[in-house]
Amino acid sequence: NAGVTQTPKFQVLKTGQSMTLQCAQDMNHEYMSWYRQDPGMGLRLIHYSVGAGITDQGEVPNGYNVSRSTTEDFPLRLLSAAPSQTSVYFCASSYLRTGGGTEAFFGQGTRLTVV
Amino acid sequence: GNSVTQMEGPVTLSEEAFLTINCTYTATGYPSLFWYVQYPGEGLQLLLKATKADDKGSNKGFEATYRKETTSFHLEKGSVQVSDSAVYFCALRGETSGSRLTFGEGTQLTVNP
């Protein structure tokens, strides 16, 4: 049971380059989300999706795009990387809330450095 | 909007010491509350949760009680081990937030032998 799989684990980009962070889950979860983790700021929501074909913005969406063509996959695209996007990125998935205690499952993270 | 505030870290303890990590929240109604743990080089995993007032979540010797009157969900463990060294995140899911989680800043715990 793979759970939530993110690739790559590490990436270095030059300013202005674009790239896609991959996220896949095999639990048939409707809800998927992307967070960035920065020191002293916890995890901040970038984008989320409640099902295939449906995406929405979180707290810090600028500079990022997402799409959800299948239930399993939720890639995050950096259109033109900036040093401010240096961070650790986590993908998470869960069932759509049927009760408040629904657990979110996280990938292992992608450490991105923009130089 | 919803928010979560954790005690400032990092926290350094000796093995077998008592641990408390404070967490307070702001939310309307009755949110669900969570503690997640992040071990070095890994993603977050659920440690424990509570979904209504006065509930106590517990797992691996850790406990937290949902206190509506003080809007708190403090994490405690009676005797920490070196293997408990990790970053701990308090989080909430609001009544009207759908599946969205709001996280605190995280607290780095280091346990020395």
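Residues numbered from 1 in each chain as written. Chains lettered and ligands numbered in written order. Predicted model: local features only at pLDDT ≥ 70, side-chain atom pairs only at ≥ 80, totals over all residues. Heavy atoms only, no water.

Regarding the nonpolar core
Residue and element names in this part refer to chain B.
Here is step 1: Core analysis: the largest hydrophobic core is formed by 27 residues, its most contacted members being Trp35, Leu47, Leu48, Phe73, Leu75 and Tyr88.
Here is step 2: Breaking this core down by element, the ones donating at least two residues are strand S2 (11-14), strand S3 (19-21), strand S4 (23-26), strand S5 (32-38), strand S6 (44-50), strand S8 (62-65), strand S10 (86-93) and strand S12 (107-112).
Here is step 3: Take this core: its biggest share by element is 4 residues, from S10.
Here is step 4: Leave out the neighbours within four places in its chain, and Leu75 touches Leu19, Thr20, Ile21, Trp35, Leu47, Leu48, Phe62, Glu63, Ala64 and Tyr88. (Core = buried A, V, L, I, M, F, W, Y, C linked by side-chain atoms within 4.5 Å. Buried < 20%, exposed > 50% of the residue type's maximum accessible area, 1.4 Å probe, protein only. Helix = DSSP H or I, 4+ residues; strand = E, 2+ residues; numbered from the N terminus. Contact = heavy atoms within 4.5 Å.)

What about the packing of aromatic side chains?
Here is step 1: Under the criterion given, the structure shown has 11 aromatic pairs over all chains.
Here is step 2: When the centroid spacing of 6.0 Å and the interplanar angle of 40° are considered together, the rings of A:Tyr35 and A:Phe106 count as tilted. Linking A:Tyr35 in strand S4 (residues 31-38) with A:Phe106 in strand S10 (residues 105-106), this pair joins segments that are 71 residues apart in sequence. Note on accessibility: A:Tyr35 and A:Phe106 belong to one class, buried.
Here is step 3: Here the aromatic rings of B:Tyr25 and B:Tyr66 are separated by 6.2 Å at their centres, their planes lie at 85°, and the arrangement is edge-to-face. Remark: B:Tyr66 occurs in the loop between S8 and strand S9 (75-77) and B:Tyr25 occurs in strand S4; sequence separation between them is 41 residues.
Here is step 4: Residue classification places B:Tyr25 among the buried positions, given a relative accessible area of 4%.
Here is step 5: A relative accessible area of 0% means that B:Tyr66 is categorised as buried.
Here is step 6: By way of ring pairs, the aromatic residues A:Tyr35, A:Phe106, B:Phe34, B:Tyr36, B:Phe89 and B:Phe103 are connected into one cluster.
Here is step 7: Geometry around B:Tyr30 places B:Lys68 over its ring, the cationic atom sitting 4.3 Å from the centre. (Phe/Tyr/Trp six-rings, centres within 6.5 Å; stacked < 30°, edge-to-face > 60°. Lys NZ or Arg CZ within 6 Å of the ring centre and 35° of its normal.)

Observations regarding the side chain of A:Thr102
Here is step 1: For A:Thr102, the position within the fold is in the loop between strand S9 (87-94) and S10.
Here is step 2: Taking relative accessible area as the criterion, A:Thr102 reaches 11% and is therefore assigned buried.
Here is step 3: Discounting residues that sit within four places of it in the chain, A:Thr102 has contacts with A:Ser94, A:Tyr95, A:Arg97, B:Phe34 and B:Arg93.

Treat this as a map of the structure, not an account of what it does.
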